[in-house]
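Descriptive analysis of the structure
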Amino acid sequence: MKTSHVLELSDIKQIAAAAEAEAQKNQWAVTIAIVDGGGHPLHLARLDGAAPVSAHIASAKARTAALGCRESKGYEDMINGGRTAFLSAPVIDGMLEGGVPIMKDGQCLGAVGVSGVKANEDAQIARAGIAALGL
């Protein structure tokens, strides 16, 4: 039997604070979503000026990254590469760059999804949040 790592409330707060700091440092109006390994919501913050739809998109990106244990950009690349049939995949609805899994010892603990600026900037914010845990 394996030992499982799980995110604790203190981890969520660290990730959220670091991601928000990265967004504010760059004056980016975004929504930041954090989910557990099953894609269940743990945190959602829509920063001032972020579009309401960004809350839905950030959550979907985070859920997609957590369930797939990979960055959501991988799905976007796959579809852009011609595998459009993947658009019919069940449950996975955030197939845009900006969802980053939280990995520890090869295990996916959850993910951070960000929406509101350019796709690579969304991912930058998500990675900054995860980096706060030293992962």
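Structure's up top.
Model, not experiment: these values are computed from the prediction. (Residues numbered from 1 in each chain as written. Predicted model: local features only at pLDDT ≥ 70, side-chain atom pairs only at ≥ 80, totals over all residues. Heavy atoms only, no water.)

**Remarks on unusual backbone geometry**
- Its identity is not glycine, yet Gln-27 carries a phi of approximately 55°, on the positive side.
- Among the structural elements, Gln-27 can be located in the loop between helix H1 (9–25) and strand E1 (31–36). (Helix = DSSP H or I, 4+ residues; strand = E, 2+ residues; numbered from the N terminus.)

**Re the sheet that holds strand E2 (residues 41–46)**
- Spatial strand order, E2-E1-E4-E3: four strands in an open sheet with antiparallel pairing. Both edges of this open sheet fall to E2 and strand E3 (99–104), since each of them pairs with a single strand only. The average undirected angle you get between the axes of adjacent strands in this sheet is 15°.
- Where E1 lies against E2, five bridges are found, and the strand directions are antiparallel. (Pairing = 2+ DSSP bridges. Axes fitted to C-alpha atoms, helices over the stretch in contact; angles between N-to-C directions.)

**Notes on the environment of His-56**
- Topologically, His-56 is positioned in helix H2 (residues 53–68).
- The class for His-56 is exposed, based on a relative accessible area of 62%.
- For the pair His-56 and Thr-31, spaced 25 residues apart in the sequence, the C-alpha separation amounts to 8.9 Å. (Buried < 20%, exposed > 50% of the residue type's maximum accessible area, 1.4 Å probe, protein only.)

**Looking at the packing of aromatic side chains**
- Applying the stated rule across the entire model yields one aromatic pair.
- Ring geometry for Tyr-75 against Phe-86: centres 5.3 Å apart, planes inclined by 15°, an arrangement best described as stacked. Of the two residues, Tyr-75 sits in helix H3 (residues 73–80) while Phe-86 sits in the loop between H3 and E3, which places them eleven residues apart along the sequence. For the pair formed by Tyr-75 and Phe-86, the shared burial category is buried. (Phe/Tyr/Trp six-rings, centres within 6.5 Å; stacked < 30°, edge-to-face > 60°.)

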